[in-house]
Amino acid sequence: MFLHIENVLTSDEVAFFRQALGAPQAPWVDGARSAGGQAVHQKNNLQLAQGSELSTQLQGLVKAALNRNALFFSAALPRRIFNPLFNNYGDAANFYGNHVDSAVMHSKADNAWVRSDLSCTLFLTAPDEYDGGELLISEGLDEKRIKLPAGDLILYPSSTVHQVTPVTRGRRVSSFFWVESMVRGLEQRQLLFNMDMALLRLRQTVGETDASVITLSGTYHNLLRMWADV
């Protein structure tokens, strides 16, 4: 599943994040400190210190935005969300080479372990503010180059090989995190998402009390009941 979710953050929220993360006192550190064995050799960026007061404040705002986004919930069916982190690409610290995310992540902020079923990047800078910096995802023989408007989010499988291409002008700032889904299987999650989106369109056409809507809603929830691990 590759899903572009628009306007996860409002324009006012984007402005607040940019002001906070662009302040001289923002505690940016070497991103390689948090990389795993494979990724440490590929990671060359800055990352907001996880234990900082600013990081804690911004993590809460990202989680609040996710909690109000029905499309995110439908697609991810989140059981746990790794506390959002923040990265910064530009100047000499400007890329993250090919890597696969670790299967299980440990958050220093809340000491929680999260299985990485889905990876998320929430963009905080606009595409015209920097050159390069695409999220480049390899899928078999195909590649996806992703560079979204500020406030938008991309959701994709954590099992993919991906990178952030070198930023050659400006700065690319974003939040990133992982989701452990209630439904572990990628194909099962995709089927449930497709059914939920079809149900949404059907409800808009025939209403909530139509017999087909009631039957299909029951089928959706029975499948979720069968596959969910909570």
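Everything in this summary refers to the structure shown in the same document.

### Focus on helix α1 (residues 11–22)
Here is step 1 of the chain: A rise of 1.5 Å per residue sets the reference length of α1, with its twelve residues, at 16 Å; its end C-alpha atoms lie 16 Å apart and thus fit the reference within 8%.
Here is step 2 of the chain: Turning to α1, its buried residues number three or more, namely Val-14, Phe-17, Ala-20 and Leu-21. One face of α1 carries all of its buried residues, which in axial projection span an arc of 135°. Among the exposed residues of α1, those oriented more than 90 degrees off its buried face are Ser-11, Asp-12, Gln-19 and Gly-22.

### Thoughts on the layout of surface pockets
Here is step 1 of the chain: By volume, the second largest pocket amounts to about 170 Å³.
Here is step 2 of the chain: Taken together, 13 residues form the lining of the second largest pocket, with Ala-70, Phe-73, Ser-74, Asp-196 and Tyr-220 sitting closest to its centre.
Here is step 3 of the chain: Here the lining of the second largest pocket is composed, by residue class, of eight nonpolar, three polar and two charged.

### Notes on the packing of aromatic side chains
Here is step 1 of the chain: Counting across every chain of the model gives three aromatic pairs.
Here is step 2 of the chain: Summarising the aromatic geometry, the rings of Phe-17 and Phe-86 are spaced 6.1 Å apart at their centres and angled 35° between planes, so their arrangement reads as tilted. Taken together, the residues Phe-17 in helix α1 and Phe-86 in strand β6 (residues 85–89) connect sequence positions 69 residues apart. Accessibility classification places Phe-17 together with Phe-86 in one group, the buried group.
Here is step 3 of the chain: Considering the side-chain rings of Phe-82 and Trp-178, the 5.1 Å spacing of their centres and the 90° angle between planes classify their relative orientation as edge-to-face. Linking Phe-82 in the loop between β5 (78–81) and β6 with Trp-178 in strand β17 (residues 172–181), this pair joins segments that are 96 residues apart in sequence.
Here is step 4 of the chain: Exposure remark for Phe-82: the relative accessible area of 3% places this residue in the buried category.
Here is step 5 of the chain: Take Trp-178: its relative accessible area is 9%, and that puts it in the buried class.
Here is step 6 of the chain: Among the aromatic residues, those joined into a cluster by ring pairs are Phe-82, Phe-176 and Trp-178.
Here is step 7 of the chain: The ring of Phe-2 carries the charged tip of Lys-144 above its face, separated from the ring centre by 4.8 Å.
Here is step 8 of the chain: Its guanidinium or amino end placed over the ring of Tyr-130, Lys-147 lies 4.3 Å from that ring's centre, counting from NZ or CZ.

Reading the values: the criteria
Residues numbered from 1 in each chain as written. Predicted model: local features only at pLDDT ≥ 70, side-chain atom pairs only at ≥ 80, totals over all residues. Heavy atoms only, no water. Helix = DSSP H or I, 4+ residues; strand = E, 2+ residues; numbered from the N terminus. Expected span 1.5 Å × (residues − 1). Buried < 20%, exposed > 50% of the residue type's maximum accessible area, 1.4 Å probe, protein only. Arc of directions from axis to C-beta. 1 Å grid on protein atoms, 1.4 Å probe; cavity = no way out; pocket = protein on both sides within 12 Å on 5 of 7 lines; lining within 4 Å. Points joined across faces, edges and corners; volume = space filled by probe spheres on them. Nonpolar A, V, L, I, M, F, W, Y, C, P; charged D, E, K, R; others polar. Phe/Tyr/Trp six-rings, centres within 6.5 Å; stacked < 30°, edge-to-face > 60°. Lys NZ or Arg CZ within 6 Å of the ring centre and 35° of its normal.

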